[in-house]
Amino acid sequence: MADSNRPLLSDFNSSESNLPPPRSLDEMIEQCIGNFGWAQFLQAALVSLAWVFDAQQTFITVFTDSQPTWHCTESERVESVCNTSSSNLCTLPNKTWSWDFNPHVSIISEWGLQCAGSFLKGLPASSFFLGCLIGGLVLSTLADSSLGRKNMLLLSCLIMSLSSMLTAFSTSIWVYAFLRFLNGCGRTTIGTCALVLSTELVGKKWRGKVGAMGFFCFTLGFLSLPMLGYINNGNSWRYLYVWTSIPTLIYCCLVWIFVRESPRWLIVKGRKEEAVSILQSIASNAITMSFTNLCFDVQEDQSKSNPDVYDALKILVRKSWSFRRLLAAMVVGFGIGMVYYGMPLALTNLNFNLYLGVVFNALSEFPAFLITFFFIDKINRRDALIGFTALSGISSALIAVLGQQLGSLQIVLELVSFFSACTAFNMTLIYTIEMFPTCVRNSAIAMVRQALVFGGVFSPVMVAAGRENQFWSYGLFGLVIALCGLFVFGLPETRGSVLCDTMEEEEYKTLAKRQFIG
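How each quantity is defined
For every chain, the first residue of the written sequence is number 1, and numbering continues from 1 onward in sequence order. Totals for whole chains, interfaces and linings use all residues, but because this is a predicted model, local features are given only for residues with pLDDT of at least 70 and pairs of side-chain atoms are given and counted only at 80 or more. Excluding hydrogens and water, the side-chain values take into account all heavy atoms of the structure. UniProt positions are given in the numbering used here, feature names are shortened, and annotations may be inferred rather than shown by experiment. Each helix is a run of DSSP H or I of at least 4 residues and each strand a run of E of at least 2, with the numbering of both proceeding from the N terminus. Throughout, exposure labels follow a simple rule: accessible area from a 1.4 Å probe, protein chains only, divided by the maximum for the residue type, with under 20% read as buried, over 50% as exposed, and the rest as partly exposed. It only takes one pair of heavy atoms within 4.5 Å for two residues to be counted as in contact. Exposure was quantified through the Shrake-Rupley algorithm and a 1.4 Å probe, taking into account, for residues, occlusion by the shown protein chains and nothing else. Candidate patch residues must exceed 30% relative accessible area and have no salt bridge, after which like charges are joined if within 9 Å and Val, Leu, Ile, Met, Phe, Trp or Tyr side chains if within 5 Å. Note on definitions: salt bridges are taken to be side-chain nitrogens of Lys or Arg within 4 Å of carboxyl oxygens of Asp or Glu. Axis lines are fitted through C-alpha atoms, for helices just across the contact stretch, and the angle between N-to-C directions can take any value from 0 to 180 degrees. Our angle categories are set so that under 35 degrees counts as roughly parallel, over 145 as roughly antiparallel, 65 to 115 as roughly perpendicular, and the remainder as oblique. In a left-handed crossing the near helix is turned counterclockwise from the far helix by less than a right angle, and in a right-handed crossing that turn is clockwise. For this scheme, ten residues count as nonpolar: Ala, Val, Leu, Ile, Met, Phe, Trp, Tyr, Cys and Pro. Four count as charged, namely Asp, Glu, Lys and Arg, and the remainder, Gly too, count as polar. We call a set of buried Ala, Val, Leu, Ile, Met, Phe, Trp, Tyr and Cys residues a nonpolar core when their side-chain atoms join them within 4.5 Å. Aromatic rings from Phe, Tyr and Trp, with only the six-membered ring used for Trp, were paired whenever their centres fell within 6.5 Å, and each pair was classed as stacked if the ring planes differed by under 30 degrees, edge-to-face if by over 60, and tilted otherwise. Note on criteria: charge over ring means Lys NZ or Arg CZ within 6 Å of the ring centre, with the direction from the centre no more than 35 degrees off the ring normal. Polar contact is the term for a pair of N or O atoms within 3.5 Å; when the atoms are in protein, one must be able to donate a hydrogen and the other to accept it, and sequence-neighboring residues count only if both atoms are side-chain atoms. The arc refers to the directions leading from the helix axis to the C-beta atoms.

An unreviewed UniProt entry annotates the protein as Major facilitator sugar transporter-like of Arabidopsis suecica. Regarding the protein, the relevant UniProt record gives this comment under Sequence similarities (unreviewed entry): "Belongs to the major facilitator (TC 2.A.1) superfamily. Organic cation transporter (TC 2.A.1.19) family." The Subcellular location (unreviewed entry) field of the UniProt record for the protein holds the comment "Endomembrane system".

As structure tokens, this is what we get:
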């Protein structure tokens, strides 16, 4: 074992190339916790479960805000002016048609929005994504600065659960849109905190697989929606919000009781005793190492200072290399997010059953998860991202170019495009984890997720415009994701790399890699 008196995170001078690389927390924690054990698995699984509720709130408006089917009233007098296949609902007299189900099945029929403009119909979905953006700006760095990973995850789930419950009691489209905005504010940091917390509990050998657990849970949450929607078919849309909010509230209690804070974050913040206690609780039984003899020294000015909320973002922007990485990753995320969030909404523009379309989209996330889970340690991040963004772009563009000529092949191309976007989405988040050190990692992922959501903000508008001309939906989807994917060329390859904990360590690693290649 190395000299215990040697600082773990030592000062670094990039001009002294003969210095040995600083010892990282990744190596130290792997020594502490040994092999991947049940304690770590249970912690990672419980944390990753948050993605289930995240997915439900992200896509729930596909059913609650959909326009219900309608029929002409059975009267020979109106048959000549009413036809469900060719008539415009807004031009028909009220007595000539009727909804197939109770008006309370959707906000469109309950509040009489069938003839409202696209802006008003899409206001709740846009408000949700806008809430994700605002919430991300306000909350994104709290997990790195003051609250930590666990408390930020708990706070986000609690806000999302309570706002979802209140949404069931909305009295108008404006109240509904505001509560969806509040829901988005809470939801925005759930995936980030869950991903970072679960991966920081393990060493690099299991990092990719543990990260993929979150994507699997997100898929389960997405897949549960058409099942809940089908069960709720014919009943009030309000029940969907109740059914999804109560389990989230129960989950908050489980997080508070059982989930442990990230030992990496505690060490960086100087809370070494707590970190040692957590490492002991999740360590493999086979480990006999004395935790009290381990050295977790960090720079005093970094660990004991009390930085303001946005210090992590300031650090990211201050360094040119980190700013370039962050900017390129956000551009890539913007293109992926536009397709990922837009494709399920655009299913209404295809001649295909909505429930089956959502089921197929949710199921297409499983192969995306399997690829991430089994091959994340074997494939280069850059090559994979470029390939999947290109495939998604081409498939989406073909839908717009060929249109109705494709027939049933439209849904096949849609699934290929969505599957590619899903895989790219998963890999982008893991890629971001590996590109940034512990001190700013949560903030970096939060910003990339913000870019993903920002792409989703434009999706409802493009979907509405695409009802008349599919170029404005599928055509732009394909063009944007393909062009944004090219920015991956500006990012370093990180497969097999060790997680760094400070900006100095990351600079040292980058310099050493360049010298090795040179």
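A count of helical and extended segments in the protein gives 24 helices and two strands. Buried residues in the protein amount to 56% of all 518 residues. Considering only contacts within the protein whose residues lie at least 6 apart along the sequence, 82% involve residues at least 24 apart. On the protein, roughly 21500 Å² of surface is accessible, and the fraction owed to carbon and sulfur atoms is 64%.

The next subject is a nonpolar patch on the surface. Side chains of Ile-246, Ile-250, Leu-254, Trp-256, Ile-257 and Phe-258 sit close together on the surface and give an oily, nonpolar patch of about 630 Å² of accessible area. With respect to the element layout, Ile-250 can be found in helix H12 (residues 238-258).

Where helix H10 (residues 190-199) meets helix H22 (residues 438-465), the closest approach of the two axes is 9 Å, and the angle between their N-to-C directions is 140 degrees. On the basis of their axis angle, the class for H10 and H22 is oblique. At the point where H10 passes H22, the crossing takes the right-handed sense. On H22, the residues that touch Gly-191, Thr-192, Cys-193, Leu-195 and Val-196 of H10 are Asn-442, Ile-445, Ala-446 and Arg-449. A class-by-class count of the residues in the contact of H10 with H22 yields five nonpolar, three polar and one charged.

So, about the nonpolar core. In this structure, Leu-153 and Phe-477 are the most contacted members of the largest nonpolar core, which totals 112 residues. Looking at which element gives the most residues to this core, the answer is helix H21 (residues 409-435), with 14 residues. Other than its neighbours up to four places away in sequence, Phe-477 contacts Met-338, Val-339, Gly-342, Met-343, Ala-346, Ser-396, Ser-459, Met-462 and Val-463. Counting residues in hydrophobic clusters, the runner-up holds six residues, among them Trp-70, Cys-72, Leu-92 and Trp-97.

Structurally, Arg-441 can be placed in helix H22. With relative accessibility at 0%, the residue Arg-441 sits in the buried group. Apart from residues no more than four positions distant in its own chain, Arg-441 is found in contact with Asp-144, Glu-200, Ile-433, Phe-436, Leu-499 and Cys-500.

Two side chains bearing opposite charge may form a pair once their charged atoms approach each other closely. Here the structure, examined in full by the defined rule, presents six salt bridges. A salt bridge links Arg-449 to Asp-54, with the nearest nitrogen and oxygen atoms 3.6 Å apart. With a gap of 395 residues between them, Arg-449 in helix H22 and Asp-54 in helix H3 (residues 50-59) connect regions that are remote in the sequence. The buried category is assigned to Arg-449, whose relative accessible area is 4%. A residue is classified by how much of its surface remains accessible, and Asp-54, at 0% relative accessible area, is buried. Its salt-bridge partner being Arg-381, residue Glu-434 comes within 2.7 Å of it at the nearest N-O pair. One end of the pair, Glu-434, is in helix H21; the other, Arg-381, is in helix H20 (residues 381-402), with 53 residues separating them in the sequence. Neither residue differs from the other here; Glu-434 and Arg-381 are each classed as buried. Linked by salt bridges that have partners in common, Asp-54, Arg-187 and Arg-449 make up one network.

It is worth spelling out the environment of Thr-61 at this point. As for its placement among the helices and strands, Thr-61 is situated in helix H4 (residues 61-64). For Thr-61, a relative accessible area of 8% corresponds to the buried category. In this structure, the C-alpha to C-alpha distance between Thr-61 and Pro-124, residues 63 residues apart in sequence, is 8.1 Å.

Here we come to the packing of aromatic side chains. Within the structure shown, the criterion is met by 31 aromatic pairs. The interplanar angle of 65 degrees and the centroid separation of 5.9 Å between the aromatic rings of Trp-111 and Tyr-176 together place this pair among those described as edge-to-face. Within this pair, whereas Trp-111 is found in the loop between helix H5 (107-110) and helix H6 (118-139), its partner Tyr-176 is found in helix H9 (residues 173-187), the two being separated by 65 residues in sequence. Given the relative accessible area of 0%, Tyr-176 is considered buried. Note on Tyr-176 and Trp-237: the rings are 5.2 Å apart at their centroids and 75 degrees apart in plane angle, and the pair reads as edge-to-face. Here Tyr-176 is found in helix H9, whereas its partner Trp-237 is found in the loop between helix H11 (204-231) and H12, with 61 residues between them in sequence. Each of the two residues, Tyr-176 as well as Trp-237, counts as buried. One aromatic cluster is present, formed by Trp-51, Phe-59, Phe-128, Phe-129, Phe-218, Phe-222, Tyr-340, Tyr-341, Phe-418 and Phe-425 through successive ring pairs. Geometry around Trp-256 places Lys-150 over its ring, the cationic atom sitting 5.8 Å from the centre.

As a further point, take the environment of Tyr-341. Here Tyr-341 lies in helix H17 (residues 320-345). Look at Tyr-341 and you get buried, because its relative accessible area is 2%. Residues Tyr-341 and Phe-458, spaced 117 residues apart in sequence, show a C-alpha to C-alpha distance of 9.4 Å. Among all residues touching Tyr-341, those that are not within four sequence positions of it are Thr-58, Phe-59, Phe-129, Arg-187, Phe-425, Leu-452, Val-453, Gly-456 and Ser-459. One polar contact links Tyr-341 to Arg-187, side chain to side chain, over a distance of 3.3 Å.

What follows covers helix H18 (residues 354-363). Taken as a whole, H18 has its buried residues at Gly-357, Val-358, Asn-361 and Ala-362. What you see down the axis of H18 is that its buried residues fit within an arc of 130 degrees, all on one side. Measuring from the side-chain oxygen of the N-cap residue of H18 to the backbone nitrogen of Tyr-355 gives 3.0 Å; that N-cap residue is Asn-353.

Before going further, it helps to spend a moment on the environment of Thr-171. Secondary-structure assignment places Thr-171 in the loop between helix H8 (148-167) and H9. Relative accessible area serves as the criterion here: at 63%, Thr-171 is assigned to the exposed category. Thr-171 sits 60 residues away from Trp-111 along the chain, and the two C-alpha atoms are 9.1 Å apart.

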